[in-house]
Amino acid sequence: VTAPTITIDVVSNDDTINAVEDDSDVTISGTTDAEDGQIVTVSLNGQSYTAVVTGGTWSLDIPATDAQALNVNETITANVSDLAGNPAVAVTRDIVHDVVIGIDIDTPIEIDDIVNAVEDNDVVITGTTTGVEDNQIVTITFGDGVNTVTSTATVISGVWTASDADISTLTNGSILVNAEVSDIPGNNAVDSETVILDNTAPIADSFSTFDIDPVLTGNASANESLVIELDTDGDGLTDVTYSVIADANGEWSLDTGMATPTSGNFPVLTDEDVIEIIVTDASGNSGNGTVTISEDSDNDGLTNNEESDLGTDPNNPDSDGDGIVDGEEVLVDNTDPLNDCDHVDGMPLGASDCDNDGLTTEEEVTLGTDPNNPDTDNDGLTDGEEVDLGTDPNNPDTDGDGITDGQEVLDNTDPLDACDSINGTPIGTSDCDNDGLTTDEENSLGTDPENEDTDGDGINDGQEIEDSTDPLDGCSSIGGTPPQGTACDISIESDLVNPNTNGGVFTINNIESFPNNTVRIYNRWGVLVFETNGYDNNGNAFRGISNGRVTVKKNDELPVGVYYYIIDYANDQQSKSMNGYLYINR
């Protein structure tokens, strides 16, 4: 008698059930040569399960709750008997239930859980893992709530280190540090910590002063505690230390003559002594400044030694007489304190021509022009050239025609004549075409202010206004001649009336010129189907609809077909008529 055989397939691809896989039912399957319908019995973790043989295979699902209750190491046993009752040799398969791993971030981060400006481009994060194989990758993410920075580390013997993380671009404040790792079966572990990013360094102002007990100043974060260290003898070592607190605006000040040091003593300073300042905040960010004690006899902002080097007068605050003190010219404006024409917001001497425009400072003051700008109105002509031409050096467009004076000179037009320009616009009171109408009047009428006879009928625009004719209509004049090609009578635009032609309107060209008109339309039997006075191609027009005559009802669409029209109108007191056929099609 031959007993049946049975096998168990690999479970979950790798005989390892991880934390993701045990969230669902786990399938156990195999093969056997027992007859179809025989029952396979499977034992796992003290539980028994059964499957039915079908076509030499068997399969069953372990409920997720049972899968989650498995120990780390388990053995599956499967058995079956054939129809004759002969049992197979039980088969087993060892599996692993791997669901528990862990990760921890070492704290404090960067010694004090604060990352300052020195540390922010090379943050080091370390930590440990449990149940994670070597060479697995830890992903570390730093986030400020909007932006993130990512770094990685490799697990070696349960320890990992991530370095060179640059978080300098994140926003100052609380930074969430998130470390995540997966083991080979795919189980995940996460740990989070927070650090404070403070990479804004306080500022110490640098300046020169005559005060041997100067007030030191600077900026920091609002209400921030600061340590002020001073090197007063230039040896690179701190001689005096103070503690200050910035105000609500982030400004700090230290009166060295009044404040009490936390260590050392502030010395008596003399001319040319230098104070090197280091200001440090609680996060370890620091800034530097320098204060120099200087003697300035004329109080112009330059020391006597500096004035000696420059060649300025140490006893005269404004050596060149331009109204700007020597110190401001050198330290602020970067101008020459020995040149009265080189300054910012000063005034050169009266006889100077600082901008080389041919006018002295006194002449420019009288004219109201800028003595430091050769072309005050920026029109392309120097102020001196404008005085010679008679144009206004303070007005880029003296004649008001919209073309600058300089451009008119280049164009060889008259910058004093608003009617003489290229592409300009005459002023409103001009009559550039000598037709008796001003530019404003012509613009109001719609006539051409550059053409005395806009409609080309031989009568100038002004005369047509006096004659009460239309200067825009070549057909309207007294004694004139219409321009060649001008249509002064009516014409039919199209004898086809349908919705796709002229908007469905029977259009009579130029009918608006003859408001005293009557239009009649008859059908093929001579019945009047439309009649109107004052036809205008708009609200009063024929659109293939009856307006009610004899047997045709009002507002009825007329049938498709041929119709006959008669147009009676008056032309210069002469009665005229036009007739013909039209065709309605829809």
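Residues numbered from 1 in each chain as written. Predicted model: local features only at pLDDT ≥ 70, side-chain atom pairs only at ≥ 80, totals over all residues. Heavy atoms only, no water.

Visitor: Please explain a negative patch on the surface as it appears in this structure.
Guide: A cluster of like negative charges, contributed by D271, E272, E295, E306 and D309, occupies part of the molecular surface. Position of E295 among the secondary structure elements: in the loop between β24 (286-293) and α2 (304-310). (Patch = residues over 30% accessible without salt bridge, like charges linked within 9 Å, V, L, I, M, F, W, Y side chains within 5 Å. Areas by Shrake-Rupley, 256 points an atom, 1.4 Å probe, with all protein chains shown as cover. Salt bridge = Lys/Arg side-chain N within 4 Å of Asp/Glu carboxyl O. Lys, Arg positive; Asp, Glu negative; His and termini not counted. Charge placed at Lys NZ, Arg CZ, Asp CG, Glu CD. Helix = DSSP H or I, 4+ residues; strand = E, 2+ residues; numbered from the N terminus.)

Visitor: Help me understand unusual backbone geometry, please; the structure alone is not making it clear to me.
Guide: Excluding glycine, residues mostly carry a negative phi; peptide bonds, for their part, are mostly trans. Cis peptide bonds are those with omega within 30 degrees of zero, and the linkage from T107 to P108 qualifies with 0 degrees. Assignment of secondary structure puts P108 in the loop between β9 (102-105) and β10 (114-115). Non-glycine residue D164 carries a positive phi angle of around 65 degrees. When you line up the elements, D164 lands in strand β14 (residues 159-165). On the basis of relative accessibility, which here comes to 57%, the residue D164 falls in the exposed class. (Buried < 20%, exposed > 50% of the residue type's maximum accessible area, 1.4 Å probe, protein only.)

Visitor: Could you clarify how one ought to interpret the sheet that holds β10 in this entry?
Guide: Note on sheets: strands pair through backbone hydrogen bonds, and any given pair is parallel or antiparallel. Within the open sheet, the five strands sit side by side as β10-β16-β15-β12-β13. Their pairing is mixed. Looking at which strands have only one partner, the edges of the open sheet turn out to be β10 and β13 (148-154). As judged from the two bridges shared by β10 and strand β16 (residues 188-197), these two strands associate in the parallel manner. Looking at β16, one finds that V115 is bridged to L197. (Pairing = 2+ DSSP bridges.)

Visitor: When you look at the domain arrangement of the chain in this model, what are you seeing that I'm missing?
Guide: It is common to give the size of an interface as the accessible area lost on bringing the parts into contact. What the domain assignment lists for the chain is domain 1 (6-97), domain 2 (102-197), domain 3 (203-293), domain 4 (298-343) and domain 5 (491-584). When each unit is reduced to the centre of its C-alpha atoms, the spacing between domain 1 and domain 2 is 42 Å. (Domains from an automatic or database assignment.)

Visitor: Teacher, can you tell me more about the packing of aromatic side chains here?
Guide: The description of an aromatic ring pair uses the distance of the two centres, along with the angle that the planes make with each other. Under the definition given, this model contains four aromatic pairs. Geometrically, the ring pair formed by F506 and Y565 is tilted, given 5.2 Å between the ring centres and 50 degrees between the ring planes. Remark: Y565 occurs in strand β30 (residues 561-571) and F506 occurs in the loop between β26 (496-497) and β27 (508-509); sequence separation between them is 59 residues. For F506, a relative accessible area of 0% puts it in the buried group. (Phe/Tyr/Trp six-rings, centres within 6.5 Å; stacked < 30°, edge-to-face > 60°.)

Visitor: So what exactly am I meant to see when it comes to the sheet that holds β14 here?
Guide: Ordered by their spatial adjacency, three strands build an open sheet running β9-β11-β14, and the pairing between neighbours is antiparallel. What marks the edges here is a single partner per strand, and that holds for β9 and β14. The sheet shows a mean angle of 25 degrees between the axes of neighbouring strands, direction not considered. Of the pairings in the sheet, the one linking β9 to strand β11 (residues 123-130) comprises four bridges and is antiparallel in character. Opposite D104, over in β11, you have T128 as the bridge partner. (Axes fitted to C-alpha atoms, helices over the stretch in contact; angles between N-to-C directions.)

Visitor: Would you explain the pattern of salt bridges in this entry?
Guide: Proximity of charged atoms lets side chains of opposite charge pair with each other. Scanning all chains against the criterion turns up four salt bridges. Put simply, R93 and D15 hold a salt bridge, and the shortest N to O gap is 2.8 Å. Highlighted residues: R93 in strand β8 (residues 91-98) and D15 in the loop between β1 (6-8) and β2 (16-18), separated in sequence by 78 residues. Its relative accessible area of 23% is what places R93 among the partly exposed residues. Residue classification places D15 among the buried positions, given a relative accessible area of 15%. Taking the shortest distance from any N to any O, the salt bridge between E531 and R520 comes out at 3.1 Å. Here E531, found in strand β29 (residues 528-533), pairs with R520, found in strand β28 (residues 517-522); they are 11 residues apart in sequence, far enough to count as distant.

Visitor: Even after reading the chapter, I still don't get helix α3 (residues 326-333), so can you show me in this structure?
Guide: For an α-helix, 3.6 residues make a turn, and residues three or four places apart therefore share a direction. Residues of α3 that are buried: D326, G327, E329 and D333. Lining the buried residues of α3 we find α2. N334 lies just past α3 and shows a positive phi near 60 degrees. (Contact = heavy atoms within 4.5 Å.)

Visitor: Hey, could you run me through the pairing of strand β19 (residues 215-219) in this one?
Guide: Burial of β19 is one-sided: the residues L216 and G218 facing one way are buried, the residues V215, T217 and N219 facing the other way are not. For strand β17 (residues 203-204) and β19, the ladder comprises two bridges, and the chain directions are antiparallel. Bridging from a neighbouring strand, A204 pairs with G218 of β19. Note that β19 and strand β22 (residues 251-255) share five bridges and pair antiparallel.

Visitor: Even after reading the chapter, I still don't get the environment of C488, so can you show me in this structure?
Guide: On the secondary structure map, C488 appears in the loop between α8 (461-466) and β25 (491-492). If we ignore the near neighbours within four places in the chain, the residues touching C488 are C475, P482, N510 and F514.

Visitor: Would you mind showing me how to read the pairing of strand β5 (residues 47-52) here?
Guide: Along a regular strand, successive side chains alternate from one face of the sheet to the other. Pairing of strand β4 (residues 39-44) with β5, which is carried by six bridges, proceeds in the antiparallel orientation. What sits directly across from S43, in β5, is S48. Here β4 hands over to β5 after two residues, with N45 in that stretch at a positive phi of 55 degrees.

Visitor: Mind showing me how you'd approach the state of the cysteines here?
Guide: The bond known as a disulfide is covalent and runs between the sulfur atoms of two cysteines. Within this structure, the stated rule accounts for two disulfides. Between C341 and C354 runs a disulfide, and the two sulfur atoms are separated by 1.8 Å. Torsion about the S-S bond of the C341 and C354 cystine: about -70 degrees, corresponding to left-handed handedness. Separated by 13 residues along the polypeptide, C341 in the loop between α3 and α4 (361-367) and C354 in the loop between α3 and α4 bring together distant segments of the chain. Of the residues examined, C354 reaches a relative accessible area of 18% and is grouped as buried. Linked covalently through their sulfurs, C419 and C432 form a disulfide whose S-S length is 1.9 Å. Across the S-S bond linking C419 and C432, the dihedral sits near -80 degrees, which makes this disulfide left-handed. Taken as a pair, C419 in the loop between α6 (405-411) and α7 (439-445) and C432 in the loop between α6 and α7 lie far apart in primary sequence, 13 residues in all. (Disulfide = S-S within 2.5 Å.)

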